[in-house]
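Structure at a glance
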Amino acid sequence: MPVYVLDTNTFIQAHRATYPLDVATSFWERIKQLAEEGKIISIDKVKDEIDENEDDLKFWTETNLPGDFFKSTAGQAILNEYGLMAPWAESKASHYQRGAIDEFLDFYTADAWLVAYCKSTGCTLVTQEVSNPHQKNRIPIPEPCNAFNVSYCNMIEMFRRLGVRF
């Protein structure tokens, strides 16, 4: 069974809009369970993005997810894949605005690291972003996933594949 790697937006959108922590407790209990079972993980760069906000989501991740949930991106295989992200993004300079490329390649932003991690490990990336080949002001995660043959899906599709019901 594949391991699913959650993007920052899966946490933030769920927390802020779709599944508030104080209302959709069964959703968050299921996330905790899937994490404890090792079916879902994320990476250190996602933790950094979550930790930028001093809010209930930060507290929840600190107190409910296993200590090894956020995996390190420092491994050589991941770094090798990450090294491929810049040439790919720069090759798209005639399409994407400079700011979009710079944002995607920002060392402290999770997107390129997520693609590199999943490419290196064979995990499936879970993001709420959708493919939009015409977008120019941002590089949606599905675009590099498609370019690097990285499997991805959204949160609802992940739940379907895992047989999760609420």
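Scroll up to find the structure this text is about.
All values derive from a computational prediction rather than experimental measurement. (Residues numbered from 1 in each chain as written. Predicted model: local features only at pLDDT ≥ 70, side-chain atom pairs only at ≥ 80, totals over all residues. Heavy atoms only, no water.)

It is worth spelling out the nonpolar core at this point. Membership of the largest hydrophobic core comes to 54 residues, with the highest contact counts inside it found for F11, I40 and M158. Counting residues per element, this core draws most heavily on helix α8 (residues 110-121), at 8 residues. Dropping the residues within four chain positions of it, I40 is found in contact with Y4, L6, I31, L34, A35, F69 and M158. (Core = buried A, V, L, I, M, F, W, Y, C linked by side-chain atoms within 4.5 Å. Buried < 20%, exposed > 50% of the residue type's maximum accessible area, 1.4 Å probe, protein only. Helix = DSSP H or I, 4+ residues; strand = E, 2+ residues; numbered from the N terminus. Contact = heavy atoms within 4.5 Å.)

Roughly 160 Å³ of volume is contained in the largest pocket. Taken together, D7, T8, N9, I12, E49, E103, T109, D111, E129 and R138 make up the lining of the largest pocket. The biggest single contributor to the lining of the largest pocket is helix α1 (residues 8-18), with 3 residues. When the residues that make up the lining of the largest pocket are grouped by side-chain class, the tally is 1 nonpolar, 3 polar and 6 charged. (1 Å grid on protein atoms, 1.4 Å probe; cavity = no way out; pocket = protein on both sides within 12 Å on 5 of 7 lines; lining within 4 Å. Points joined across faces, edges and corners; volume = space filled by probe spheres on them. Nonpolar A, V, L, I, M, F, W, Y, C, P; charged D, E, K, R; others polar.)

Applying the stated criterion across every chain yields a total of 13 aromatic pairs. A ring pair is formed by W28 and W60, whose centres lie 4.9 Å apart and whose planes are at 65°; its orientation type is edge-to-face. With W28 in helix α2 (residues 25-36) and W60 in helix α4 (residues 56-64), this residue pair connects regions lying 32 residues apart in the sequence. Accessibility classification places W28 together with W60 in one group, the buried group. For the pair F159 and F166, a centre-to-centre distance of 5.3 Å together with 85° between the ring planes defines the contact as edge-to-face. (Phe/Tyr/Trp six-rings, centres within 6.5 Å; stacked < 30°, edge-to-face > 60°.)

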